[in-house]
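# Descriptive analysis of the structure
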Amino acid sequence: MDVTPQHIRAYVDYLRDMGIYDLYQRESPGTVLTPELREIFLAAVTPKEPVAQSARAAAQLTAQRTTVPTPSRPPAPASSKPLLDQRSSPAAPPMNYFDIEPQTELPASLASPMPTPVSFDKLAPLPVDIIPPSGRAAALESLRAEIGDCTRCPLAYAGRHTIVFADGDPNAKLMFVGEGPGADEDASGLPFVGKAGQLLNNMIAAMGLQREQVYIANIVKCRPPANRVPEPLEANTCSQFLVRQIDIVRPQVIVALGSTAATYLLGVKQSLSSLRGRWHSTRGAKLVVTYHPAFLLRDPRQKGEAWKDLQMVMAELGLKQVKKQ
Ligand code: SF4
């Protein structure tokens, strides 16, 4: 059987769904590929000639190669590299498999299974040891260093400039989780700094808090192209870091901003309206679901509904509404 880029893409997806990451990094300490398997894989994903079964596929590959400036594998992260504020995307993998539409039906044995959301409670056991408040900032810094110049999912090659880790108090009682960085966040390296971020700041202030007193993060840390919703593969891959951030910060309450955050935190695919207005839980914290600030900017009539959700949080945390002057 001829091996096409579509076959290889499906196999990569399949391995990642099984928890095998960093397929493009030869020296990754986290990989579970044996050296022999890695050599076989790398040989398979480094074709000497474009492999295409149809003229259309060949034309597509040629067009894509003209847009990929450096067809080389990205280097493994080195401890001497700057970990924050990366201003450029890593080099693309040998071929731009991720953007190639399947030309034919994949053989059943190579098709990747449909990823389903897995709740954060099921992604990892709850930690036995609680990091004391004095050690949480350092633990978060260490996690950020571990993420490095991450290439674990396709978003690394989709034009991101900066990995947007998080912002706020490592000891916060309240955490907000959104979907993913937008253009402003990608440029600044901080979550929720654009117009939606300004609205979130206003919501936080109305709750009687300052932005510096809460912790803010996203399901994925790299900007999806054209602000699209993260693919399940991307969200599932990046979730491992947010799980650990939650376990380090140990917030009392988490607010899921929008359906993408709710879907992955809770591991359910339900409408936002069916999830709002009641308490959920994840990683030992109480969780409430509300509208994403970007949605509220498009439909300000829903701000009153979002305020009801935040009032639930305020009652839980003993916060008092700030009266307008
Ligand atoms: S979105 Fe997350 S997993 Fe994907 S490349 Fe960025 S940091 Fe890595």
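Reference entry: report on the structure contained in this document.

Reading the values: the criteria
- Residues numbered from 1 in each chain as written.
- Predicted model: local features only at pLDDT ≥ 70, side-chain atom pairs only at ≥ 80, totals over all residues.
- Heavy atoms only, no water.
- Helix = DSSP H or I, 4+ residues; strand = E, 2+ residues; numbered from the N terminus.
- Buried < 20%, exposed > 50% of the residue type's maximum accessible area, 1.4 Å probe, protein only.
- Pairing = 2+ DSSP bridges.
- Polar contact = N/O pair within 3.5 Å; in protein donor to acceptor, adjacent residues only side chain to side chain.
- Contact = heavy atoms within 4.5 Å.
- Salt bridge = Lys/Arg side-chain N within 4 Å of Asp/Glu carboxyl O.

### With respect to unusual backbone geometry
Backbone geometry places Ala226, a non-glycine residue, at a positive phi of 55 degrees. Here Ala226 lies in the loop between β3 (215-218) and α8 (232-249). Residue class for Ala226 comes out exposed when judged on its relative accessible area of 73%. With a phi close to 50 degrees, Arg250 is a non-glycine residue in the positive phi region. Take Arg250: it is sitting in the loop between α8 and β4 (253-257). Relative accessible area serves as the criterion here: at 33%, Arg250 is assigned to the partly exposed category.

### Some details on the pairing of β4
With 5 of 5 residues buried, β4 lies mostly within the body of the structure. Sheet analysis places strand β2 (residues 174-178) next to β4, joined by 4 bridges and oriented parallel. Residue pairing in the sheet places Met175 in a bridge with Ile254 of β4. Pairing analysis gives 5 bridges linking β4 to strand β6 (residues 285-290), with the strands arranged parallel. Bridging across to β6, Val255 finds its partner in Val288.

### Focus on the side chain of His280
Mapped onto the elements, His280 comes out in strand β5 (residues 280-282). The class of His280 is buried, set by a relative accessible area of 13%. In this structure the side chain of His280 is engaged in a polar contact, spanning 2.8 Å, whose partner is the backbone oxygen of Leu275. When neighbours within four sequence positions are excluded, His280 is seen to be in contact with Leu266, Leu275, Ala285, Lys286, Leu287 and Val289.

### Here's the deal with the pattern of salt bridges
Summed over all chains, the structure comprises 10 salt bridges. One salt bridge in this structure joins Glu305 and Arg276, with 3.1 Å as the shortest N-O distance. Of this pair, Glu305 sits in helix α12 (residues 303-317) while Arg276 sits in the loop between α10 (272-275) and β5, placing them 29 residues apart in sequence. You can call Arg276 buried: its relative accessible area is 14%. Between Arg276 and Asp309 there is a salt bridge, with its nearest N and O atoms 2.7 Å apart.

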